[in-house]
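# Reading the structure
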There are 2 protein chains.
Amino acid sequence: MTEIQGVGEFGLIARLSAAAGTPPSPYGPGDDAALVSTSDGRVVVTTDLLVEGTHFRRDWSDAYDIGRKSAAQNLADVAAMGARPTSLLIGLGAPARFPTAEFDALAAGIRDECAEAGAVLIGGDLVAAPQLVISGTALGVLEGRPPVLRSGARPGDLVGVVGRLGWAAAGLRLLLAGERHGPLIDAHRRPRPPYALGPVLAAVGATSMCDVSDGLVSDLGHLAQASGVTFEIDSGSLPALGAPGVTDEELLTGGEDHALAFTLPAGTPLPLEAVLIGRVLEGPVQVRVDGHPARLRGYEHFGRG
Amino acid sequence: MTEIQGVGEFGLIARLSAAAGTPPSPYGPGDDAALVSTSDGRVVVTTDLLVEGTHFRRDWSDAYDIGRKSAAQNLADVAAMGARPTSLLIGLGAPARFPTAEFDALAAGIRDECAEAGAVLIGGDLVAAPQLVISGTALGVLEGRPPVLRSGARPGDLVGVVGRLGWAAAGLRLLLAGERHGPLIDAHRRPRPPYALGPVLAAVGATSMCDVSDGLVSDLGHLAQASGVTFEIDSGSLPALGAPGVTDEELLTGGEDHALAFTLPAGTPLPLEAVLIGRVLEGPVQVRVDGHPARLRGYEHFGRG
């Protein structure tokens, strides 16, 4: 089994570039920086860091899935602004003894998730590290639309979600219980963010949006705080976004599925995939579930617990 | 001494945003992604990953210097494209017990290096990690100029450098020998890339450019390879870019000073800071020093040795 220390940094970069396919311009991997074009003078950009042990375990996720997950996490943030993802950069830290076959699988996962989102891998960095560390930077274009911020929810707006809720959290629970196969475990290993719906929701007039990475209640809490409003959620609407085996608690607090949560004015025509889950009310900054204020319980790094 | 686990992720993000000063638009830290504007429809973007133990040691560099170094490494790549750095995103992985005072010092270092380059911290990510990991993503604008690529060097061009050569490598040698103070050690801890000269060199017509991060010979090797030419270097010109205590070897192979190496047509008016060090010849892909082919010895992660 070859290890990446035998291939060398520049050899690995060549393998990664080959896996990414032809870059969209002559300015992709290989120069000091990549060049991104935009028709409306604006680019949306976001970065995330995934660390082995914190965000994934290599005995639970194979390298291909880790590649897909790291790309998905960043690309979903772009879609959550109402932008169309166009480009991804990846910084990879790996032990010298990391197997070359796993490196190639990781690159393939990144490539396939980019393809899913309509984006292209345009650059990155490759360094030695004691454990696997993956930083991703995703860029996207708004194509003339205003960005959909967290601060735009207004009293009277409806609250909706596209994508999955609680799947990844239920999958993690099953993994901890020793299970290794099934749709929820697949969902934990490989989120399926509804990339294309970010721009669609922006186009129909979403007033605020974010991706559900910490958990529905927690992420709606961010919208409520940024917008200075109350969110009222009807828990009976949520199972349509879950799956068999997902608990009520996981629907409300499970993160990492990267669904898109949004608000829009009542009467707005909705995409078929959207599920309405509540409404925005005038009132204190809080999220209420079936009339009761919810504790904001989403995952927080360095949390006070 | 407080630790970052007591402050919480969102509290830390607030501290980081405060350290960064007012973002340039309402779309900075706090939303899923940041928004970058450009007048000419193009954005230059680059990412780098720094890992404790590989890129820095906390007993040799304090948190402030690590912040400056991580920002500098990315911002210099933008300048090396002939672009003006405008924005930086930082992904920070840190142990839960990382002291809050060091977190604040790191943020201050990032802020000060951004100011040095004329850029603003616009976003990032903050996660738990077993050791300090810093990913940076820098963006910049070309303001109508073509990007300066690695592939544009032509036979007959002159080769020049702006910035420092060998300082950081000499500083590392002194640190390894037990010294702790002096200008070379400062240079190792805190590179001073000549940011403003990237756009200047692009404007006067540089045909190729890169930043010297691996070592002069190695990085010129990248230009030679991308351009399909021979680089001929006159070693007698290099001490003007070094300092007392920097060896001839360190001038040729020391990295991490982030000087800018470039080529331009003979007769081009040069910025005052530029030192001409050789010329581009027709011939095989190689770097020759005083007529002798140089071994390409720069630092390579996962190197074959």
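Above: the structure in question.
Position numbers for residues count from 1 along each chain, tracking the sequence in the order it is written. Numbering of ligands from 1 and lettering of chains from A proceed in the order in which they are written. Predicted model: local features are reported for residues with pLDDT of at least 70 only, side-chain atom pairs are reported and counted for 80 or more only, and whole-chain, interface and lining totals are derived from all residues. Hydrogens and waters are ignored; side-chain quantities use all the structure's heavy atoms.

Broken down by element type, chain A carries 8 helices and 12 strands. Only the C-alpha atoms count toward the radius of gyration. The rule for a globule is 2.2 Å times the residue count to the power 0.38. A compact globule built from 305 residues would reach a C-alpha radius of gyration of about 19 Å, and chain A, at 20 Å, matches this within 12%. If you line up chain A on its principal axes, its C-alpha atoms span 60 × 50 × 35 Å. For each residue, the accessible area found with a 1.4 Å probe, counting protein chains only, is set against the maximum for its type, and the residue is called buried under 20%, exposed over 50%, and partly exposed in between. Expressed as a percentage of the 305 residues in chain A, the buried residues total 60%. Working rule for contacts: check all heavy atoms of both residues, and any pair within 4.5 Å makes them a contact. Within chain A, contacts between residues at least 6 apart in sequence are counted, and of these 87% link residues at least 24 apart. Residue burial considers only the protein chains on display, and all accessible areas are found by Shrake-Rupley using a 1.4 Å probe. If you sum the accessible surface of chain A, you get close to 10,900 Å²; carbon and sulfur atoms cover 54% of it. Here the positive residues are Lys and Arg and the negative ones are Asp and Glu; neither His nor the chain ends is included. To locate a charge, the coordinates of NZ of Lys, CZ of Arg, CG of Asp or CD of Glu are taken. Averaging the locations of the 23 positively and 35 negatively charged side chains of chain A gives two centres separated by 2 Å. Elements are defined by DSSP. Helices are runs of H or I of four residues or more, strands are runs of E of two residues or more, and each kind is numbered from the N terminus.

Glancing now at the interface of chain B and chain A. In this assembly, 69 residues from chain B lie in contact with 69 residues from chain A. We define buried area as the total accessible area lost by two parts upon association, computed with a 1.4 Å probe and summed across both. Carbon and sulfur atoms supply 60% of the area that chain B and chain A bury against each other, a total of about 5,300 Å² over both sides. Salt bridges are defined by distance alone: a side-chain nitrogen of Lys or Arg within 4 Å of a carboxyl oxygen of Asp or Glu. If you look at where chain B meets chain A, you find 2 salt bridges. Linking Asp-32 of chain B and Arg-150 of chain A is a salt bridge whose minimum nitrogen-to-oxygen distance equals 3.3 Å.

It is worth spelling out the relation of the copies chain B and chain A at this point. Superposing chain B onto chain A takes a rotation of 180° plus a shift of 0.0 Å along the axis, which leaves an RMSD of 0.0 Å. Put plainly, the chains are arranged around a two-fold axis. Residue Gly-41 of chain B of chain B places its C-alpha closer to the rotation axis than any other residue of that unit, at 2.4 Å. Of the interface residues in chain B, 100% have counterparts in chain A that sit at the interface too, so the contact is made through matching surfaces. A least-squares superposition brings the copies together, and it is based on the C-alpha atoms of residues with pLDDT no lower than 70 in both.

With that settled, the discussion passes to the packing of aromatic side chains. Centre-to-centre distance and the angle between the planes together describe a pair of aromatic rings. Working definition: a ring pair exists when centres of Phe, Tyr or Trp rings (six-membered ring for Trp) sit within 6.5 Å. Plane angles under 30 degrees give stacked, over 60 give edge-to-face, the rest tilted. As enumerated under the stated definition, the model contains 0 aromatic pairs over all chains in all. Our definition puts a charge over a ring when NZ of Lys or CZ of Arg is within 6 Å of the ring centre and also within 35 degrees of the ring normal. Lying across the ring of Trp-167 of chain A, Arg-164 of chain A places its NZ or CZ 4.1 Å from the centre.

Helix packing geometry: the angle between the two helix axes and the distance between the axes. All names here are of chain B. Working convention: axes come from line fits to C-alpha atoms, limited for helices to the stretch in contact. Angles between N-to-C directions cover 0 to 180 degrees. Orientation of helix α2 (residues 63-79) relative to helix α3 (residues 100-117), taken along the N-to-C sense of each, is 35°, at an axis distance of 7 Å. Seen from above, α2 lies across α3 with right-handed handedness. Along its contact with α2, which presents Ala-63, Tyr-64, Ile-66, Gly-67, Arg-68, Ser-70, Ala-71, Ala-72 and Leu-75, the element α3 presents Glu-102, Ala-105, Leu-106, Ala-108, Gly-109, Ile-110, Asp-112, Glu-113, Cys-114, Glu-116 and Ala-117. Taken together, the residues of the contact of α2 with α3 sort by class into 12 nonpolar, 3 polar and 5 charged. Two helices that cross are described as forming a left-handed crossing if the nearer one is turned anticlockwise from the farther one by less than a right angle, and a right-handed crossing if clockwise. As a working rule, the residues Ala, Val, Leu, Ile, Met, Phe, Trp, Tyr, Cys and Pro are called nonpolar, Asp, Glu, Lys and Arg charged, and the rest polar, with Gly in that last group.

Let us look at the sheet that holds strand β11 (residues 286-289) of chain A. Sheet strands pair via backbone hydrogen bonds, and the direction of the pair is either parallel or antiparallel. Residue and element names in this part refer to chain A. Pairing between strands requires that DSSP locate at least two bridges from one strand to the other. Read from one edge to the other, the open sheet built from 7 strands follows the order β7-β9-β6-β10-β8-β11-β12, with strand pairing classed as mixed. The two strands at the open ends of the sheet, each matched to only one other strand, are β7 (208-212) and β12 (292-293). Two strands pair when backbone bridges link them, and strand β6 (residues 158-162) and strand β10 (residues 275-281) are joined in this way by 4 bridges, in the antiparallel orientation. Its bridge partner lying in β10, Leu-158 is registered against Arg-279.

So, on to the sheet that holds strand β1 (residues 34-37) of chain B. Taken in spatial order, the 5 strands line up as β4(A)-β3(A)-β5(A)-β2(A)-β1(B) in an open sheet, and their pairing is mixed. Bordering the open sheet on either side are β4 (120-128) of chain A together with β1 of chain B, each of which pairs with just one other strand. For this sheet the average axis-to-axis angle between neighbouring strands, irrespective of direction, equals 20°. When strand β2 (residues 42-51) of chain A meets β1 of chain B, the two strands line up antiparallel, connected through 4 bridges. By the bridge assignment, Val-45 of chain A is partnered in β1 of chain B with Ala-34 of chain B. Most of the contacts of helix α3 (residues 100-117) of chain A go to strand β3 (residues 84-94) of chain A, to which it runs at about 165°, and overall it touches β3, β4 and β5 (133-141) of chain A.

Moving on, we come to the side chain of Asp-32 of chain B. Here Asp-32 of chain B shows up in the loop between α1 (9-20) and β1. The class for Asp-32 of chain B is buried, based on a relative accessible area of 6%. Residues contacting Asp-32 of chain B, with those up to four places away along its chain left out, are Thr-46, Asp-77, Ala-80, Met-81, Arg-150, Met-209, Cys-210 and Asp-211 of chain A.

Right, let's talk about the pairing of strand β2 (residues 42-51) of chain B for a bit. Residues and elements named next belong to chain B. Within β2, 10 of the 10 residues are buried, which leaves the element mostly enclosed by the surrounding structure. Neither face of β2 is open: one carries Arg-42, Val-44, Thr-46, Asp-48 and Leu-50, the other Val-43, Val-45, Thr-47, Leu-49 and Val-51, and all of them are buried. Taken together, the 8 bridges between β2 and strand β5 (residues 133-141) define a ladder with antiparallel strand orientation. Counterpart to Asp-48 in the pairing with β5 is Gly-136.

What follows is about the pattern of salt bridges. Going through the model one piece at a time under the given rule, you end up with 32 salt bridges over all chains. Of the charged contacts, one joins Glu-102 of chain B and Arg-58 of chain B as a salt bridge, the two residues approaching to 3.8 Å between their closest N and O atoms. Taken together, the positions of Glu-102 of chain B in helix α3 and Arg-58 of chain B in the loop between β2 and α2 put the pair 44 residues apart, joining distant regions of the chain. Glu-102 of chain B gets classed as partly exposed once you look at its relative accessible area, which sits at 27%. The closest approach of N and O atoms between Arg-190 of chain B and Asp-65 of chain B, which form a salt bridge, is 2.8 Å. Separated by 125 residues along the polypeptide, Arg-190 of chain B in the loop between α5 (183-189) and α6 (197-204) and Asp-65 of chain B in helix α2 bring together distant segments of the chain. What makes Asp-65 of chain B buried here is its relative accessible area of 6%. Three or more residues are tied together by salt bridges with common partners; here these are Arg-68, Glu-113, Glu-116 and Arg-192 of chain A.

Residue and element names in this part refer to chain B. Where strand β3 (residues 84-94) and strand β4 (residues 120-128) come together, 8 bridges link them in parallel fashion. Along β4, the bridge assignment pairs Leu-88 with Leu-121. Handedness of a crossover: with both strands directed away from the viewer, a clockwise path from the first strand across the helix to the second marks it as right-handed. With α3 bridging β3 and the parallel β4, this β-α-β connection has right-handed handedness.

In this section: the environment of Ser-218 of chain B. All names here are of chain B. Mapped onto the fold, Ser-218 is located in helix α7 (residues 216-227). When its relative accessible area of 8% is taken as the criterion, Ser-218 is described as buried. Between the C-alpha atom of Ser-218 and that of Gly-254, which follows or precedes it by 36 residues, the distance is 9.5 Å.

A separate point is unusual backbone geometry. For Glu-256 of chain A, which is not glycine, the phi dihedral falls at a positive 70°. Among the structural elements, Glu-256 of chain A can be located in the loop between α8 (248-253) and β9 (259-264). According to the relative accessible area criterion, Glu-256 of chain A is partly exposed, its value standing at 27%. The backbone phi angle of Asp-290 of chain B is positive, close to 50°, even though this residue is not glycine. Looking at Asp-290 of chain B, the relative accessible area reads 40%, which means it is partly exposed.

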